[in-house]
Structures are given as structure tokens and as C-alpha cells.
Number of protein chains: 2
Amino acid sequence: MSPVSSQHPALQAHSSAADCRHLIRSGSWNRPTAGLAARYVQVNLVMLPDAEAADFLRFAQRNPKPCPLLAVSEPGEFTLPSMGADIDLRRDVPRYRVFEHGQYKAEVDDITALWRDDLVTFAIGCSFTFEHTLLDNGIAIRHIDEGRNVPMYRTNIQTQPAGKFGGDMVVTMRPFKAADAIRAVQITSRFPGVHGAPVHIGDPALIGIADLAHPDFGDAVTVAADELPVFWACGATPQVSLLQAKPSFCITHAPGYMLITDQLNVDYAVL
Amino acid sequence: MSPVSSQHPALQAHSSAADCRHLIRSGSWNRPTAGLAARYVQVNLVMLPDAEAADFLRFAQRNPKPCPLLAVSEPGEFTLPSMGADIDLRRDVPRYRVFEHGQYKAEVDDITALWRDDLVTFAIGCSFTFEHTLLDNGIAIRHIDEGRNVPMYRTNIQTQPAGKFGGDMVVTMRPFKAADAIRAVQITSRFPGVHGAPVHIGDPALIGIADLAHPDFGDAVTVAADELPVFWACGATPQVSLLQAKPSFCITHAPGYMLITDQLNVDYAVL
């Protein structure tokens, strides 16, 4: 991952979340948010009409590992006070995606003109939070070292459906030597609110992954012969479920272009 | 707490959850469920019409410590497959309470005749789960030793509102010497899905409790001079919020008369 400071002199890993949001809101930052304001929680966003939100809320409740809900807005509200004092959900994400009936329509950097009084926003936790703590514990993360996106795979693990939402669980994979794999299980178990402990470790075929070299999303990374692949439930799961459920209207963040909140990553550790 | 076996020869702490449910369903057990099937998760129940369920679901999402949702049914379904294969939500609780517009109407032992096709059932975690692990770790629990209900207090800690649901947080209190208080923080932190770590320790006045000897619900217990009161968010919080929100129709379990599920307490420990 290239240093953030080379991309924009005003934003760095030690910038505050609020400074990042303000620059994004002003239109001065249109790149992915990985590495920005590294101590702060970044979240996936899903926005749905109130009439379709209840099913999605039940889906998230039933599938907390792939779909860890950190906040849900009141219908029509574009603030998210529990995650940050001045968040404007219409403008504080560098890139949004708009869907109608499950069909991708557009990518935009501001959804003020698309806002509806019945939209409910779901803020879903992201693995950046536990990766921050893995790095703090001296555990190297392969896709970061190789400057790639994390590899993501569809599995044969079924989510618990709710209404029209359901489908396969998507997982991320990080390879580790045994000692680091054990430590990674311990560390991520402390973050049940942001994907938590792995869902699988070892043989990819046992969860329906044919070839680690060909992820369904993101990039492949090197896996050494003495390493175990370790798999975590992934926030791409609700995105896949949304494409299948085809809600009448939906806005999400664009992958990698997240909302940066005022919550600290460490506050999501339970122990 | 008197031995369960003295109350009913067929049900004991080591009975299976399914055996307990079957006896309850047959009408042969009309007492509180504390101590039954001790390894298994017992849950609080709240049933609301679908039209009022979405607000309550957001309320629970925002207040996971007092309102830890373990399962939410599909509207109109009286099974709860994620918590047990054969659960019948209309008959498997020894005593239900029925409310209309926030007014208490009746206590009944079967709600088959009251069932509605729009009812959504919320299963909310209970401190029995972490108490089981405290006991397994050799930590004595005062209200159990004194054969009383756990003392519960209204506090000045505000819940995060959602729609018409909100209000004061209710807490339970267990007194411990310092070493056990520290151990209890550690152990309950491992159970974020069932109230989790304490919300307060020490001076009751700091959270708006005037007198430990006069709990708002349950029974007072002895607190020795060298003990710290330790406070956990309590599942009575959503009950209080329901009384204030006055939904058109609501059924809950009667306090202490819980649903016994097939889930193991230990499965809710994250580490």
C-alpha cells in the first residue's frame, strides 16, 4: 500500500477522521480511503428505502459475522450521530454506487440530489478495524505488503436468510504461518463487532473455494507452502445479497471508498 | 436457589433443553425456569406486530448491552429455528404477559389463541448465560446464595432511542470483593452477545441509584463493606421501554419464566 501522504499532502494516516471527511466533502479526495485516519473505524454503507430496510435489518441481525451492523439511521436522516458528530451521509463518502432493482446505475461522489426521505442507512463494520490491531501486534498482512486489495471468495457457507435477503457468504483470506494464525484467531476474536473470529482455517475446498489464485473479488496474494489460509466473513456478503434481492432502490459506497467515522478501532475490542 | 429437582422430579439442572420445553408445553411446569437445563441459553421474549417491530429492532441494534438480540423471527412465524429445532413460541414459555397499548392485560401459559400472523418475536439474551460461567469459575453470586431474584435498578444512563422506543437503562447489581470484581469484568467481557462487560462499578450514585437496599425490580441483597457493587445492563430495559412506547399489542414472557433454547451458554463466549 503506497503511503497516503504521497497521494494527497493534506491527508495522512494520522489525520483526524473529521479532517478526512471535510476534505472528502469538499471534493478534494476521490481515492480509496485505506490508510487514512488509521486509528478510526471505517464503515461500509448500505442505504435502502424504509419499506425494504426491515428485511435487511433482520438479515444483518442473523448474520453478524459477514454483516456487523455498527449503526442504523432513522428513516430519512442523513446524519449518523452515534458514529460522528458532523457526518453527512450524502457527501462524506468519496464514491457511491447507485442501484435500481438490483441493476447498477451510476457511480457518483455526492448523493444529495438522489436523497429520499425514506432512506435508512446501515453502517457495516469493516476488516480495517481488526487489521489495524493485527499490524499493531506485529503480524504482517500479505495483501498490504504486496500492495493489493484483500482477496475475497464466494463460499458454500449459506447465510441465514431474512425476507428476500440471503445467499452465499463471501470471505476474505489472509495467509499466515501457524503461530501467527493462532495469534490472529485470538486477536480478531476480541472484535466480535467487526467480523470477529475467522470462519475457516486451512483447506479452501472445505468451504467451496476451488482455487485461491482466482478470488471472486479483490486480488490474489502469495500463499507460501508453510502457511495456512485463514478466512474471515466479509462485508461483501451483504453487497452480493443485495444484488440478488434486487431492492427497488439502493445506494452503497463504492468498494474501498468508505465512510470514515469518529469511532476508534480499539473501542470495538471487547477484552 | 432451591434445587430444581425438589420442585419437579422430571426436570433438573442437567435436563436437556428440549425435555424442559416439552414438559412446559404439556403444562406440567408452571414455575420460573432459573436453574433448569443449566448449560443452555435462556432468553427473554418480546413479540410485536410487524408494523411496530422495525423501530424495536433499531432500538435493540443501538442498545446491544441492555437489549442483546439473539434471534428475530420472520413475521407470523412461531418457530425459532436458529435457537432450537422444535421451538413453539406460542407454548414453550411457562408464563406469558399480554399488553395492549402499554397496559398489562393478562398472564397466560399459552398464547395459541392470541397468535397473530403479523407478530415478530425478539429473543433477547439473559444474564443466566454469563452467571453460569461465573459460577463455573468459582465466583459466588450473592443473589443465588441468598435465594433471591437479582436486584435491578433504573439508572440515569439513557438508552439510544429509536422511533418511540427509548428511556432509562435498567441494570442488575452483583457485589464482589475486588479480585472477583476484576475477574467478573474479564469473564463477562467474553460474552458481548449477552450483556457483556459491566456498565458501572462502585458508587451507585454516579449512575443515579439512590439506595442499593431498594431496587426497582427484584430483591435487595447483602453488600459487605469490603465489596464493590458491579452493574450490568439488564434485559428489563426493553421491558421498561415497551411500557413507555405503548405499542398497540405486545406479548412478553413473565419475568423469570423464560424460553429455554438448544444453544449452549459457552457458544456465546468470543474467546
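Since we're looking at a predicted model, the values are computed, not measured.

Cut-offs and rules
Residues numbered from 1 in each chain as written. Chains lettered and ligands numbered in written order. Predicted model: local features only at pLDDT ≥ 70, side-chain atom pairs only at ≥ 80, totals over all residues. Heavy atoms only, no water. Helix = DSSP H or I, 4+ residues; strand = E, 2+ residues; numbered from the N terminus. Expected span 1.5 Å × (residues − 1). Buried < 20%, exposed > 50% of the residue type's maximum accessible area, 1.4 Å probe, protein only. Polar contact = N/O pair within 3.5 Å; in protein donor to acceptor, adjacent residues only side chain to side chain. Contact = heavy atoms within 4.5 Å. Buried area = accessible area lost by both parts, 1.4 Å probe. Salt bridge = Lys/Arg side-chain N within 4 Å of Asp/Glu carboxyl O. Pairing = 2+ DSSP bridges. Axes fitted to C-alpha atoms, helices over the stretch in contact; angles between N-to-C directions.

Asker: Help me out: how do you make sense of helix 2 (residues 50–62) of chain A in this one?
Answerer: An α-helical turn contains 3.6 residues, so a residue and the one three or four places further along point in the same direction. For helix 2 of chain A, which comprises 13 residues, the first-to-last C-alpha distance of 19 Å matches the rise-based estimate of 18 Å (1.5 Å per residue) to within 8%. For helix 2 of chain A, the set of buried residues is A:Glu52, A:Ala53, A:Phe56, A:Leu57, A:Arg58, A:Phe59, A:Ala60 and A:Gln61.

Asker: Help me out: how do you make sense of the side chain of A:Gln61 in this one?
Answerer: Relative to the helices and strands, A:Gln61 is located in helix 2. Judged by relative accessible area, which is 15%, A:Gln61 ranks as buried. Side-chain polar atoms of A:Gln61 contact the backbone oxygen of B:Leu69, separated by 3.2 Å. Leaving out residues up to four positions away in the same chain, A:Gln61 has contacts with B:Leu69, B:Leu70, B:Ala71 and B:Val72.

Asker: Looking at this model, I keep getting lost on the interface of chain B and chain A. Mind explaining?
Answerer: Frequently, the measure chosen for interface size is the accessible area that the parts lose on association. Across the contact, 21 residues belong to chain B and 21 residues belong to chain A. Of the roughly 1,600 Å² buried where chain B meets chain A, counting both sides, 58% is carbon and sulfur surface. The largest per-residue losses of area from chain B upon contact with chain A belong to B:Arg58, B:Gln61 and B:Leu271, which jointly make up 33% of the total buried on that side. Scanning the region where chain B abuts chain A turns up four salt bridges. The salt bridge partner of B:Arg62 is A:Glu74, with a shortest N-O separation of 2.8 Å. At the boundary of chain B and chain A, one finds ten residue pairs in polar contact (both at pLDDT 80 or more). Those elements giving two or more residues to the side of chain B that touches chain A turn out to be helix 2 (50–62), strand 2 (69–72) and helix 5 (178–189) of chain B. If you tally residues by element for the side of chain B that touches chain A, the top one is helix 2 of chain B, at five residues.

Asker: Honestly, the pattern of salt bridges in this entry has me stumped. Any pointers?
Answerer: For side chains of opposite charge, pairing can occur when their charged atoms come near one another. All names here are of chain A. A complete count under the given rule lists 38 salt bridges over all chains for this structure. Close ionic contact of Asp55 with Arg58 constitutes a salt bridge, the shortest N to O distance being 3.1 Å. With Asp55 and Arg58 both in helix 2 and three residues apart, this pair spans about one turn of that helix. Judged by relative accessible area, which is 24%, Asp55 ranks as partly exposed. Residue Arg58 is classed as buried on the basis of its relative accessible area of 4%. Residue Asp168 pairs with Arg154 through a salt bridge whose shortest N-O separation is 3.8 Å. Remark: Arg154 occurs in strand 6 (residues 152–158) and Asp168 occurs in strand 7 (residues 168–176); sequence separation between them is 14 residues. Residue classification places Asp168 among the partly exposed positions, given a relative accessible area of 23%. Given the relative accessible area of 31%, Arg154 is considered partly exposed.

Asker: I keep staring at the environment of A:Gln244 and nothing clicks. Help me out?
Answerer: Residues and elements named next belong to chain A. On the secondary structure map, Gln244 appears in helix 6 (residues 236–245). Sequence-wise, Gln244 and Pro161 are 83 residues apart; in three dimensions their C-alpha atoms are separated by 12 Å. If we ignore the near neighbours within four places in the chain, the residues touching Gln244 are Arg154, Gly166 and Gly167.

Asker: For this particular structure, what's the right way to read the sheet that holds strand 7 (residues 168–176) of chain B?
Answerer: By way of backbone hydrogen bonds, the strands of a sheet pair with one another, either parallel or antiparallel. Residues and elements named next belong to chain B. One open sheet holds the four strands; their spatial order is 6-7-9-8, and the pairing between them is antiparallel. Looking along the sheet, the strands with just one partner apiece sit at the ends: strand 6 (152–158) and strand 8 (200–201). Of the strand pairs in this sheet, strand 6 and strand 7 are connected by four bridges, and their pairing is antiparallel. Across the sheet, Tyr153 pairs through a bridge with Val171, a residue of strand 7. Of the strands in this sheet, strand 7, strand 8 and strand 9 (228–233) are in contact with helix 5, which crosses strand 9 at around 15°. Helix 6 (residues 236–245) rests against strand 6 and strand 7 of the sheet, and its axis sits at about 155° to strand 7.

So, to be careful, I would describe these as geometric facts and stop short of saying anything about function.
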